[in-house]
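Observations on the model geometry
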Amino acid sequence: MFCRVRRVSHLSTWSPGTNHKRWKLGCLLPRCPKLSCRGTKMSAGQSQKVETWDKCTLQELKVPFARTEIGTFFQEQPRIGNQYLEDAFLQRYLKTRLPPQVLEKVSLDLERFGARVAAEIDALGHECELNPPALQHYDAWGRRVDHIVTCPAWKKMKEIAAEEGLIAEAYERRYSNWSRVYQVAKLYLYAPSAGLFTCPLAMTDGAAKVIESLGLSGPLAKAFGHLTSREPRKFWTSGQWMTERKGGSDVASGTESVAREQPDGTYCLYGFKWFTSATDSDMTLTLARIMDAQGRVEQGSRGLSLFFLEVRDKEGKLNGIEVQRLKEKLGTRQVPTAELLLDGAQAHRISAEGRGVASIANMLTITRIHNVISAVAGMRRMINLAREYASKRVVFGKLIKDHPLHMQTVARLEVETRGAFLMLMEIARLLGLEETKMASEQDLHLLRLLTPVAKLYTGKQAIAVISEGLECFGGQGYMEDTGLPVALRDAQGKLELASSISELESSVQLLQDALNRLGQFTQRVGSKGAVAMELAARDFAYTLARIYTGALLLEHAAGPDACSTDTYAAQRWCKQDLCPVDSEEKAGCYDAKAASRDISLVYERSPVLKGKL
């Protein structure tokens, strides 16, 4: 046994001075009947023994891992810098696309904002991750309050969103059709550090889009002013409360909520919302079926209307809403998502009666684009951290950035991310044209087609890229306190210029071949019936994403400001199977026999189909 030492953190560097007295180390000596820490009269032999203990103790204090010391090696963590200044690809894209006068102003703001992300916002986002929301059902006096408690960092994120105009910028249209490109670029820098505050912003943007499309009058004008405000005290966020107990996207058959019209023209809503996004928001849009005087409702999509309601009344009390519980989710723990009972919530009908599904189409477009933003931004942030870490981590005698196999892996992730980024910005460009009435019919068709395709494809890409990216950090990539795992838990006309550049010629040919294969496939599959078309749907979407992304990469590589890395990225992208739907179809994956074999494979020995297979 050793005597207690009040503080040991300084001992590994302590050394005795010239006036050192032996009794100061007495507390480090072993207890025994003949030698105590308080000092006793010692014989010559005992004194010599103490001297020996002094030397042993001092030697022990210099040994790594002694007491509170844990060795001499500490790995320097990767740190984010100004994500705008460090993203050469983003800067080249903006330089290529934006008019010079717009580019100058946008670049200055993005550089300033990139610095704020690194210096302030990133830490707030981490705090949101560490302090998820909680639900307080009752106050100290037993009254039902259903108060969703969020951390100060979450509230600060709302202020920053207003100050930075993360929603307002798209609707002020200071830069005409380029306003959306600017807003998306800013959100792209913001998303990985936002602590998932991008979720309420997505719903807010979607609600503003719906309201603008329906016309700004009455209570909608007031709501739109709040949603697009730059003043923190005035700024509102919106929820999106569509999903009920049946879940899924089939709201036509899944919505049971009903609405009773009141004498003043408002409605009272009754129903159970199973998954409400951004439940702590100020307002929301939701679907319900209007009841007639006999209490009857029309089923199907034609019976659904769209309603707007404020979450709290003028006194700050919930507007006929009971919060049943917060949802426990895989990831996105920072966002308060809840099950709600609507018990007479006062609301305004904002769509034509029975036109609710059609009216939320704009909201779905915007929220899908926000999904793409988060996916692509997450990929970019993971690569930026991985390359920063590779310049600090030494293994087998050299930095891991000097190991070719490691850099090959990161380069593959970079190609995926660049392709996804160009798809995102292409959608932003098309949306900007649509919102300023400058889009052609083909632009509108492309926007409608590419938005769901990009959401699907980049969502899958993000999981693959971020998962692989985590491995770039070794075991640390899977430790929660590093903050890294949270990232895992949210054409043809473009080829003309590229085909004239020798370095891109073979890649253009690969893309043209893929387009031809896709055209031939669509002719064949039409004659094979509904089963074949259903089986091919996902691969068809992947094919569209790969071909169009390849075209965007080639277009960018052929631009006047392109560099050798742009060429290499386009070449690398086009070497993969650009038309997987054709390959799978030729392998027999879409015929009726394949559907039967899939069932046999999945349910082999299962009691579900016992005796049927």
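Residues numbered from 1 in each chain as written. Predicted model: local features only at pLDDT ≥ 70, side-chain atom pairs only at ≥ 80, totals over all residues. Heavy atoms only, no water.

A few words on the overall build of the protein chain. Per the secondary structure count, the protein chain includes 18 helices and 11 strands. Classification of the 613 residues of the protein chain by burial places 47% in the buried group. Of the accessible surface of the protein chain, which amounts to about 31300 Å², a share of 53% is contributed by carbon and sulfur atoms. (Helix = DSSP H or I, 4+ residues; strand = E, 2+ residues; numbered from the N terminus. Buried < 20%, exposed > 50% of the residue type's maximum accessible area, 1.4 Å probe, protein only. Areas by Shrake-Rupley, 256 points an atom, 1.4 Å probe, with all protein chains shown as cover.)

Quick look at the pattern of salt bridges now. With the rule as written, the count across this model stands at 42 salt bridges. A salt bridge links D146 to R144, with the shortest nitrogen-to-oxygen separation between them at 2.5 Å. With its nearest N and O atoms 2.9 Å apart, the salt bridge here joins R180 to D205. With R180 in helix 6 (residues 179-190) and D205 in helix 7 (residues 198-214), this residue pair connects regions lying 25 residues apart in the sequence. For the pair R180 and D205, a shared accessibility class is recorded, and that class is buried. Shared partners join several salt bridges into a network, and the residues in it are D109, R112, R116, E120, E163, E164 and K186. (Salt bridge = Lys/Arg side-chain N within 4 Å of Asp/Glu carboxyl O.)

So, on to the side chain of T286. Along the polypeptide, T286 turns up in strand 6 (residues 283-290). Classification of T286 by relative accessible area gives buried; the value is 0%. Within the local environment of T286, its side chain forms a polar contact with the backbone oxygen of W241, the two atoms lying 2.5 Å apart. A polar contact is formed between the side chain of T286 and the side chain of K273, at a distance of 3.2 Å. (Polar contact = N/O pair within 3.5 Å; in protein donor to acceptor, adjacent residues only side chain to side chain.)

Turning our attention to the packing of aromatic side chains. Counted according to the given criterion, the structure contains 12 aromatic pairs. Aromatic pair F89 and F421: ring centres 5.7 Å apart, planes at 65°, arrangement edge-to-face. With F89 in helix 2 (residues 88-97) and F421 in helix 12 (residues 404-435), this residue pair connects regions lying 332 residues apart in the sequence. Across this residue pair, the class does not change: F89 and F421 are buried. Ring geometry for W154 versus F197: centroids 4.9 Å apart, planes at 70°, classification edge-to-face. (Phe/Tyr/Trp six-rings, centres within 6.5 Å; stacked < 30°, edge-to-face > 60°.)

Looking at where K186 falls in the secondary structure, it is placed in helix 6. The spacing of K186 and E164 is 22 residues in sequence and 9.1 Å in space, taken between C-alpha atoms. Sequence-distant contacts of K186, defined by excluding residues within four places in its chain, comprise D109, L110, R112, F113, E164 and L166. (Contact = heavy atoms within 4.5 Å.)

Turning next to helix 7. In an α-helix there are 3.6 residues to a turn, and that puts residues three or four apart on one side. An ideal rise of 1.5 Å per residue puts 24 Å on 17 residues; helix 7 measures up with 24 Å between its terminal C-alpha atoms. Among the 17 residues that make up helix 7, 14 are buried, leaving the element largely enclosed by the rest of the structure. G215 sits one or two residues past helix 7 and shows a positive phi near 105°. (Expected span 1.5 Å × (residues − 1).)

With 128 residues, the main nonpolar core has L94, Y190, L201, M283, L285 and F421 as its most contacted residues. Setting aside anything within four residues of it in sequence, one finds Y190 in contact with F113, V117, I121, M157, L166, F197, T198 and L201. Core analysis: the second largest hydrophobic core is formed by 18 residues, V323, L340, L342 and A347 among them. (Core = buried A, V, L, I, M, F, W, Y, C linked by side-chain atoms within 4.5 Å.)

In this section: a nonpolar patch on the surface. On the surface, I599, L601, V602 and Y603 cluster together into a nonpolar patch covering about 410 Å² of accessible area. Secondary-structure assignment places Y603 in the segment after helix 18 (592-602). (Patch = residues over 30% accessible without salt bridge, like charges linked within 9 Å, V, L, I, M, F, W, Y side chains within 5 Å.)

A separate point is the packing of helix 7 against helix 8 (residues 219-227). Relative orientation of the contacting elements helix 7 and helix 8 amounts to 145°, with a least axis distance of 10 Å. Regarding helix 7 and helix 8, the two cross each other, and that crossing is left-handed. On the side of helix 7, the interface is formed by T204, A207, A208, I211 and E212, while helix 8 contributes L220, A223, F224 and L227. Here the residues of the contact of helix 7 with helix 8 are counted per class, giving 7 nonpolar, 1 polar and 1 charged. (Axes fitted to C-alpha atoms, helices over the stretch in contact; angles between N-to-C directions. Left-handed = near helix turned anticlockwise from the far one by under 90°. Nonpolar A, V, L, I, M, F, W, Y, C, P; charged D, E, K, R; others polar.)

The next point concerns the confidence of the model for the protein chain. Summing up the model confidence of the protein chain, the mean pLDDT is 83 and the portion of residues at 70 or higher is 82%. Least confident of the elements in the protein chain is helix 1 (residues 44-61), whose mean pLDDT is 57; most confident is helix 6, at 98. Note on residues 1-40: pLDDT under 50 across the span, and 40 contacts to partners over four residues away in sequence or across chains. Low pLDDT, under 50, characterises residues 484-490; the predicted model gives this stretch 28 contacts beyond four residues in sequence or across chains. (pLDDT = per-residue confidence, 0-100.)

The next point concerns the pairing of strand 7 (residues 304-310). Where a strand is regular, its side chains alternate between the two sheet faces. Of all the 7 residues making up strand 7, 6 are buried; the element is thus mostly covered by neighbouring parts of the structure. Judged from the 7 bridges that link them, strand 6 and strand 7 form a sheet pairing that is antiparallel. From the neighbouring strand, T284 faces strand 7, where its bridge partner is L309. Examined bridge by bridge, strand 7 and strand 9 (residues 338-349) share 2 bridges and lie antiparallel to one another. Looking at the pairing, F308 lines up with H348 of strand 9. (Pairing = 2+ DSSP bridges.)

Before going further, it helps to examine the pairing of strand 2 (residues 144-149). Where strand 1 (residues 134-138) lies against strand 2, 4 bridges are found, and the strand directions are antiparallel. Across the sheet, residue Q136 finds its bridge partner in strand 2, namely H147. From the end of strand 1 to the start of strand 2, which pair antiparallel, there are 5 residues, and G142 there has a positive phi angle of about 85°.

Our focus in this paragraph is the environment of P99. Position of P99 among the secondary structure elements: in the loop between helix 2 and helix 3 (100-130). Residues P99 and W178, 79 residues apart in the sequence, show an inter-C-alpha distance of 8.9 Å.

The backbone phi angle of R173 is positive, close to 55°, even though this residue is not glycine. Judged by relative accessible area, which is 21%, R173 ranks as partly exposed. Residue L196 is not a glycine yet carries a positive backbone phi of 65°. Its location among the elements puts L196 in the loop between helix 6 and helix 7.

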